[in-house]
Number of protein chains: 2
Amino acid sequence: MITQAGAPGTATGAMESQDLKKAGLKATLPRLKILNILEKSRLRHMSAEDVYKALMETGEDVGLATVYRVLTQFESAGLVRRHHFEGGHSVFELDHGKHHDHILCIKCGRVDEFMDETIEERQRVIARKAGYDMTDHSLYIYGICTDCQKKEKGRGR
Amino acid sequence: MITQAGAPGTATGAMESQDLKKAGLKATLPRLKILNILEKSRLRHMSAEDVYKALMETGEDVGLATVYRVLTQFESAGLVRRHHFEGGHSVFELDHGKHHDHILCIKCGRVDEFMDETIEERQRVIARKAGYDMTDHSLYIYGICTDCQKKEKGRGR
DNA sequence: ATGGTAATGAGAAGGGTTCGCATTGTATTT
DNA sequence: AAATACAATGCGAACCCTTCTCATTACCAT
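In this convention, every chain numbers its residues from 1, walking through the sequence in written order. Chain labels run from A onward and ligand labels from 1 onward, assigned in the order the entries are written. Under the rules for a predicted model, residues below a pLDDT of 70 receive no local features and side-chain atom pairs below 80 are neither given nor counted, while totals for whole chains, interfaces and linings still include all residues. Excluding hydrogens and water, the side-chain figures rest on all heavy atoms present in the structure.

**Student:** What is the right way to look at the protein's contact with DNA strand D in this model?
**Tutor:** By convention in these notes, a residue is near a molecule or strand provided one of its non-hydrogen atoms lies within 4 Å of it. In the neighbourhood of DNA strand D, 22 residues make up the surrounding shell, with Thr28(A), Asp61(A), Thr66(A), Arg69(A) and Tyr68(B) lying closest. Each atom of DNA strand D within 4 Å of the protein was classed as base or backbone; sugar and phosphate made up 72%. Contacts to DNA strand D include Arg31(A), whose side-chain N or O atom sits 3.0 Å from a phosphate oxygen. Definition of a polar contact: a pair of N or O atoms within 3.5 Å, with one able to donate and the other able to accept a hydrogen when the atoms are protein atoms, and with sequence-neighbouring residues admitted only if both atoms are side-chain atoms. Ala27(B) is positioned such that a nitrogen or oxygen atom in its backbone is 3.1 Å from a phosphate oxygen of DNA strand D. Classifying every residue of the surface near DNA strand D by side-chain character gives nine nonpolar, six polar and seven charged. When residue character is reported, Ala, Val, Leu, Ile, Met, Phe, Trp, Tyr, Cys and Pro are called nonpolar, Asp, Glu, Lys and Arg charged, and the others, Gly included, polar.

**Student:** Would you mind showing me how to read the side chain of Glu120(A) here?
**Tutor:** Residues and elements named next belong to chain A. Under the scheme used here, helices are H or I runs from DSSP no shorter than 4 residues and strands are E runs no shorter than 2 residues, and both carry numbers assigned from the N terminus. With respect to the helices and strands, Glu120 occurs in helix α5 (residues 117-129). Only protein chains enter the accessibility calculation, which uses a 1.4 Å probe. A residue is then buried if its area is under 20% of the maximum for its type, exposed if over 50%, and partly exposed in between. Charge assignment in this entry is limited to Lys and Arg as positive and Asp and Glu as negative, and neither His nor the chain termini are counted. By definition here, a salt bridge exists when the distance from a side-chain nitrogen of Lys or Arg to a carboxyl oxygen of Asp or Glu is within 4 Å. Summary of buried charges: Glu120 has no salt-bridge partner, and the nearest side chain of opposite charge, Arg124, is 4.8 Å away. Here, two residues are considered to be in contact whenever any of their heavy atoms come within 4.5 Å of each other. Leave out the neighbours within four places in its chain, and Glu120 touches His99, Asp101, Met115 and His137.

**Student:** How do you make sense of the interface of chain B and chain A when you look at a structure like this?
**Tutor:** Many descriptions give the size of an interface as the accessible area lost when the pieces come together. Contacts between chain B and chain A engage 39 residues on the former and 38 residues on the latter. Throughout, buried area stands for the accessible area (probe radius 1.4 Å) lost by two parts on being put together, summed over both. When chain B packs against chain A, the two sides together hide about 3,200 Å² of surface, and 63% of this comes from carbon and sulfur. Of the charged contacts, one joins Arg122(B) and Asp116(A) as a salt bridge, the two residues approaching to 2.4 Å between their closest N and O atoms. Seen at the junction of chain B and chain A, the total is 16 residue pairs in polar contact (both at pLDDT 80 or more). For the side of chain B that touches chain A, the elements supplying multiple residues, two or more each, are β4 (101-105), β5 (111-114), α5 (117-129), β6 (133-144) and α6 (146-152) of chain B. Looking at the side of chain B that touches chain A element by element, the count peaks at twelve residues for β6(B). Its residues assigned to classes, the side of chain B that touches chain A shows 19 nonpolar, twelve polar and eight charged. Alignment of strand β6 (residues 133-144) of chain A against β6(B), held across eleven bridges, turns out to be antiparallel. By the bridge assignment, Gly143(A) is partnered in β6(B) with Met134(B). Here, any two strands with at least 2 DSSP bridges between them count as paired.

**Student:** Which parts of the structure should I look at to understand the relation of the copies chain B and chain A?
**Tutor:** For the pair of chain copies, the relating operation is a rotation around an axis with a shift along it. The operation relating chain B to chain A is a screw motion whose rotation component is 179°, with 0.0 Å of axial translation and a residual RMSD of 0.4 Å. With respect to symmetry, the two chain copies, as superposed, fit the operation of a two-fold axis. Most of the interface of chain B is mirrored in chain A, where 97% of its interface residues again form contacts. Each copy is superposed on the other by least squares, with the fit set by C-alpha atoms of residues at a pLDDT of at least 70 in both.

**Student:** When you look at the packing of helix α2 (residues 29-40) of chain A against helix α4 (residues 64-77) of chain A in this model, what are you seeing that I'm missing?
**Tutor:** Residue and element names in this part refer to chain A. Axis lines are fitted through C-alpha atoms, for helices just across the contact stretch, and the angle between N-to-C directions can take any value from 0 to 180 degrees. Running from N to C, α2 and α4 point in directions that differ by 75°, and their axes come no closer than 10 Å. The pairing of α2 with α4 is recorded here as roughly perpendicular in orientation. Contacts between α2 and α4 pair Pro30, Arg31, Ile34, Leu35 and Leu38 from the former with Thr66, Val67, Val70, Leu71, Gln73 and Phe74 from the latter. Class assignment for the residues of the contact of α2 with α4 results in eight nonpolar, two polar and one charged. When describing relative orientation, an angle under 35 degrees is termed roughly parallel and one over 145 degrees roughly antiparallel, while 65 to 115 degrees is termed roughly perpendicular and anything else oblique.

**Student:** Even after reading the chapter, I still don't get the protein's contact with DNA strand C, so can you show me in this structure?
**Tutor:** In the region of DNA strand C, 21 residues are neighbours, and Tyr68(A), Thr28(B), Asp61(B), Thr66(B) and Arg69(B) sit closest. Backbone atoms, meaning sugar plus phosphate, form 73% of the atoms of DNA strand C positioned within 4 Å of the protein. Contact between DNA strand C and Ser90(A): a phosphate oxygen at 3.3 Å from a main-chain N or O atom of the residue. Within the contact set of DNA strand C, a phosphate oxygen lies 2.8 Å away from a side-chain nitrogen or oxygen of Thr28(B). Those elements giving two or more residues to the surface near DNA strand C turn out to be α4 of chain A together with α2 (29-40) and α4 (64-77) of chain B. Examining the composition of the surface near DNA strand C, we find that four residues originate from one element, α4(A), more than from any other. For the surface near DNA strand C, the per-class residue count stands at eight nonpolar, six polar and seven charged.

**Student:** Is there a simple way to explain the environment of Leu79(A) in this structure?
**Tutor:** If you trace the backbone, Leu79(A) turns up in the loop between α4 and β2 (80-84). Note: C-alpha distance between Leu79(A) and Leu94(A) (15 residues apart in sequence) is 6.1 Å.

Spatial relationships are all this shows, so hold off on functional conclusions.
Encoded structure:
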């Protein structure tokens, strides 16, 4: 199962005040705006900086520190998931409930998602064998995507 | 296949000048000292800071910048592998050739290693299906280790 | 030994993220 | 609806890890 990341999950209606309150967070303007950006953006995975820029572009006045704070709160509240990609920066994506892993292009940064039940199961087995009570896992496959492979051709590298 | 990380690979003799030269690196004192730390340390996975501290403790005079530089060179030379654990910092371990993934305890930081051919194969299949030319992958399982599970008992949370 | 060049140390700089605090906004009370 | 209590925000400073700069030092070949 491989899905192209990029198209936001617009099937469900937009989140609103109630959703925030349900999550135990006050429905403040910055939080609503950020939630909105995450839903509307064409990028499924956004860094704090991405969110901040998007906010600026729509003329909103929200500080970068707030973006970080809010994203962290959203994470704690289970609204978004944080991923640690290589290079030391995090990206966030709305948590639509269904777990998935990532495959990303080291050239252009493109991100695709996949989910493989065989791998999931093996992980559970491995954790159990090692005596661990598994809480989470992260799997990232790095490679060169189709487009970048084409661009590569004819270069000594 | 699950192996406990922590016991350094002392089976083979200590690396020396020749090993560095073989790797295309000048055999300088700092590089030898750092290689030595990596071999002798009780920790298999060390951050640059860990290495630096170990150096200080043995009275060696090596700058932190050099530690970073050398570790990066070692990585390029294939002597060590760099892992990006959560929280945005890297750890390094001597590359003994055999690929493996990690399972780590979120309580005490303990790290174990494992290798599962089924998972490896699935990853290759997934990358191919997604049109990627796979260059690398990282898999981390997070959980609570046996010891920490025992300590947890009898506490709410 | 001597020289040429790459490697080092020290500190400054960099990028991403968090902190501190006065100010503003939200939910709640009167 | 106005006031109140306190959490949330914005801003810049501070932080952490990592990389860079550059004068000095060390390695290797001659």
